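The primary structure of each chain is shown beneath.
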Amino acid sequence: MYPARTAGGLGGPKYQRHQPEKTLLYQIVAQHYPVFKETLEAQGRSLPNYVQREFEEFLTCGRLEHGFLRVGCEECKHERLVAFSCKRRGFCPSCGARRMAESAALLVDDIFPEVPIRQWVLSLPFQLRFLLARYPELMGKVLGIVYRTLSTYQIKQAGFTKSTAQAGAVTLIQRFGSALNLNVHFHMLFLDGIYAEDDYGQQRFHRVKAPTLQELNALVHTLSHRVARCLEKCGLLERDAENTWLTLEQAEDDVLTQLHGHSVTYRIATGLQQGRKVFTLQTLPAREDQPTTSSRVANHAGFSLHAGVIAEVHQRDKLERLCRYVSRPTVSEQRLALTSHGQVRYELKTPYRNGTTHVIFQPLDFIAKLAALVPKPRVNLTRFHGVFAPNSKHRGRITPAKRGKKTTKVQAGSADWLDKSPEERHRAMTWMQRLKRVFNIDIETCERCGGKVKVIASIEDPAVIAHILKYLKQKEALQAGIQPHELPLERPPQAGLFDPSQSRL
């Protein structure tokens, strides 16, 4: 859960509890997900259990009614309540923002050494996006092909062989596109060079030149051929001299497969318009089709390989921003709005060439798009390769954290290592530390007196929760000059959420 930022208090911005029930995304899901679920049940169909849990737990995320922590200052005894998070990986913006901050801090502080890092982005054809979403176990095979191809290229460019040099990369798998479409693609943060052992047994970094357009074209051709050959061996792809098609069993015609197919191809998944292209809004003039002049992107057979973003050694701030970008949440609430007719309007991150700036969804189709973006359980969306792999004997010698399969005695006994307690050596960033790093909000310090803040209790009993919230509501009413008997009757958050006259155009 991420907070709102407000001015004032000690040390700049102070913490203000995020209220998800007031956000448009929460209101849309709260009102239309039950209708979407009932519509499927009327047809004798249902979403998988893990997708249903994603929606149900999202509606409890950040809500005090479902439990919270009491956090108080040791000096002035000032208290605040911190609601529990759902910790889901699908479309929850607050949990996604927290995970983004933690992932970026981990990569910059503990994983990437102080060497140049280049981003390689591989986009895939529609058919392959669908296959990887439907069969996530294929992700490792395809990603293995991609890493071996790119790392071999780097090692050869540096003048070494695979037996004498090692490359390294961290892949963050994104499953969404700018239009909330299902778009499985890879953001690979590669060392812009390789490590090789010198005459003294030390790992030395050798930088390689940036790839040329000709080299990128050769790489993307190689990738498309090797991936297609792998899928043929798996029995999921058939090719002849002119055509390529998928070979899927007819029995796999379930709800999620249909949602995946419509989402990948930018089509409407529910309602009378099912199967048609998603409605778009064009607010900019179309640009003339011109061949790309970029020397860092290549395209072939639906594959697109881009390698134009690099963070130099001294650009650690840029590297952290890049890590946050590639691990960002699925849905941007700032780009979400309602039309005057109650339709969901989502702004594209970058306008299309034809001038399209927004996509328009019916509310139930918007729910279907969210369902298609939920990853299956136990599918790791962050992968470590080469020297960064958990079983690599070089990881403990290269990474700043000095944790790996075989950490040397000198590294384990270094001054930096001894200065940390055993808990600090293995503990991830706390929730309070994440707030301070990303939002410049120091919640570990009381904004009233500057004292130290600590957790007092975890409140999970529904009766206790109701009693505390009732007391706080009465207290706020008295402070506002409202007598308790004048308080309005409580109603569930799902009621009366939408008023088209109050929506943004």
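## Overview of unusual backbone geometry
With phi around 65°, K77 is a residue other than glycine that occupies positive phi space. With respect to the helices, strands and loops of the structure, K77 is situated in the loop between strand 3 (68–73) and strand 4 (79–83). According to the relative accessible area criterion, K77 is exposed, its value standing at 59%. You will see that A301, though not glycine, has its phi angle at about 55°, which is positive. Among the structural elements, A301 can be located in the loop between strand 14 (297–300) and strand 15 (303–311).

## Focus: the pattern of salt bridges
Summed over all chains, the structure comprises 13 salt bridges. For R204, the salt bridge identified is with D198, shortest N-O distance 3.2 Å. Classification of R204 as partly exposed rests on a relative accessible area of 46%. Among the salt bridges present, the one from D365 reaches K369, with a minimum N-O distance of 3.3 Å.

## Remarks on helix 15 (residues 462–479)
When the terminal C-alpha atoms of helix 15 are compared, their 26 Å separation across 18 residues agrees well with the 26 Å that a helix rising 1.5 Å per residue should span. Of all the residues in helix 15, the buried ones are I465, I468 and A477. The elements touched by buried residues of helix 15 are strand 3, strand 4 and strand 20 (453–459).

## Observations regarding the packing of helix 1 (residues 24–42) against helix 2 (residues 49–58)
The geometry of helix 1 relative to helix 2 is characterised by a closest axis approach of 10 Å and an angle of 140° between their N-to-C directions. Put simply, helix 1 runs oblique to helix 2. Our pair here, helix 1 against helix 2, has a crossing hand that is left-handed. Between helix 1 and helix 2, the contacting residues are L25, Y26, V29, Y33 and K37 on the first element and Q52, F55, E56 and F58 on the second. Tallied by class, residues from the contact of helix 1 with helix 2 come to six nonpolar, one polar and two charged.

## So, a positive patch on the surface
A cluster of basic residues, R148, K156, K162, R226, R229 and K233, forms a positive patch on the protein surface. Put simply, the parts of the chain that give the positive patch at least two residues each are helix 5 (138–157) and helix 6 (213–233). If you tally residues by element for the positive patch, the top one is helix 6, at three residues. Within the secondary structure, K162 is located in the loop between helix 5 and strand 6 (165–166). Look at K162 and you get exposed, because its relative accessible area is 62%.

## Some remarks on the packing of helix 5 against helix 6
The N-to-C vectors of helix 5 and helix 6 enclose an angle of 150°; their axes lie 10 Å apart at closest approach. The chirality of how helix 5 crosses helix 6 is right-handed. Counting all contacts with helix 5, which are made through L138, K141, V142, I145, V146, T149, L150, Y153 and Q157, the residues of helix 6 involved are E215, L219, T222, L223, R226, V227, C230 and L231. Of the residues contributing to the contact of helix 5 with helix 6, the split by class is eleven nonpolar, three polar and three charged.

## Overview of the sheet that holds strand 18 (residues 356–361)
The four strands lie next to each other as 13-18-17-16, forming an open sheet whose pairing is antiparallel. Of all strands in the sheet, those with a lone pairing partner are strand 13 (279–282) and strand 16 (336–338), marking the two edges. Direction aside, the axes of adjacent strands within the sheet are offset by 30° on average. Strand direction decides the pairing type here: strand 17 (residues 344–347) and strand 18, joined by four bridges, are antiparallel. From the neighbouring strand, Y346 faces strand 18, where its bridge partner is V359. Helix 1 contacts strand 16 and strand 17 of the sheet and is inclined by roughly 60° relative to strand 16.

## Observations regarding the side chain of T399
With respect to the secondary-structure elements, T399 resides in the loop between helix 10 (395–398) and helix 11 (409–412). A polar side-chain atom of T399 sits 2.7 Å from the main-chain carbonyl oxygen of R395. Beyond its immediate chain neighbours, meaning those up to four positions away, T399 contacts D110, I111 and F388.

## Structural notes on the environment of S46
Note on placement: S46 falls in the loop between helix 1 and helix 2. Looking at S46, the relative accessible area reads 46%, which means it is partly exposed. Beyond its immediate sequence surroundings of up to four residues, S46 is in contact with L40, Q52 and V255.

## Considering the side chain of H394
Looking at the secondary structure, you find H394 in the loop between strand 19 (382–386) and helix 10. What H394 contacts, discounting residues up to four positions off in sequence, is Q166, Q203 and V387.

## Brief notes about the packing of aromatic side chains
Applying the stated criterion to the full structure yields eleven aromatic pairs. Among the aromatic residues, ring-to-ring pairing joins Y26, Y33, F55, F58 and F91 into one connected group. Its end group placed over the ring of Y135, R134 keeps NZ or CZ at 5.8 Å from the ring centre. Its end group placed over the ring of Y325, R328 keeps NZ or CZ at 4.2 Å from the ring centre.

## Examining the sheet that holds strand 6
Strands in a sheet are paired, the pairing made by backbone hydrogen bonds, and the direction either parallel or antiparallel. The strand order 6-9-10 describes an open sheet built from three strands, whose pairing is antiparallel. Lying at the two open borders of the sheet, with one neighbouring strand each, are strand 6 and strand 10 (203–207). When strand 6 meets strand 9 (residues 193–197), the two strands line up antiparallel, connected through two bridges. Each residue of the ladder has a partner; that of A165, found in strand 9, is A196.

## Side note on the confidence of the model for the protein chain
Atom-level detail of predicted coordinates should not be read off regions where pLDDT is low. When pLDDT is averaged along the protein chain, the result is 83; 79% of the residues meet or exceed 70. With pLDDT under 50 throughout, residues 407–413 is counted as low confidence; its partners more than four residues away or in other chains account for eight contacts.

## As for the environment of T60
If you trace the backbone, T60 turns up in the loop between helix 2 and strand 3. For T60 and A83, which are 23 residues apart along the polypeptide, the C-alpha to C-alpha distance reads 9.3 Å. With residues up to four places along the chain from it excluded, the contact list for T60 reads H66 and F84.

Rules behind the numbers
- Residues numbered from 1 in each chain as written.
- Predicted model: local features only at pLDDT ≥ 70, side-chain atom pairs only at ≥ 80, totals over all residues.
- Heavy atoms only, no water.
- Helix = DSSP H or I, 4+ residues; strand = E, 2+ residues; numbered from the N terminus.
- Buried < 20%, exposed > 50% of the residue type's maximum accessible area, 1.4 Å probe, protein only.
- Salt bridge = Lys/Arg side-chain N within 4 Å of Asp/Glu carboxyl O.
- Expected span 1.5 Å × (residues − 1).
- Contact = heavy atoms within 4.5 Å.
- Axes fitted to C-alpha atoms, helices over the stretch in contact; angles between N-to-C directions.
- Parallel < 35°, antiparallel > 145°, perpendicular 65-115°, else oblique.
- Left-handed = near helix turned anticlockwise from the far one by under 90°.
- Nonpolar A, V, L, I, M, F, W, Y, C, P; charged D, E, K, R; others polar.
- Patch = residues over 30% accessible without salt bridge, like charges linked within 9 Å, V, L, I, M, F, W, Y side chains within 5 Å.
- Areas by Shrake-Rupley, 256 points an atom, 1.4 Å probe, with all protein chains shown as cover.
- Lys, Arg positive; Asp, Glu negative; His and termini not counted.
- Charge placed at Lys NZ, Arg CZ, Asp CG, Glu CD.
- Pairing = 2+ DSSP bridges.
- Polar contact = N/O pair within 3.5 Å; in protein donor to acceptor, adjacent residues only side chain to side chain.
- Phe/Tyr/Trp six-rings, centres within 6.5 Å; stacked < 30°, edge-to-face > 60°.
- Lys NZ or Arg CZ within 6 Å of the ring centre and 35° of its normal.
- pLDDT = per-residue confidence, 0-100.

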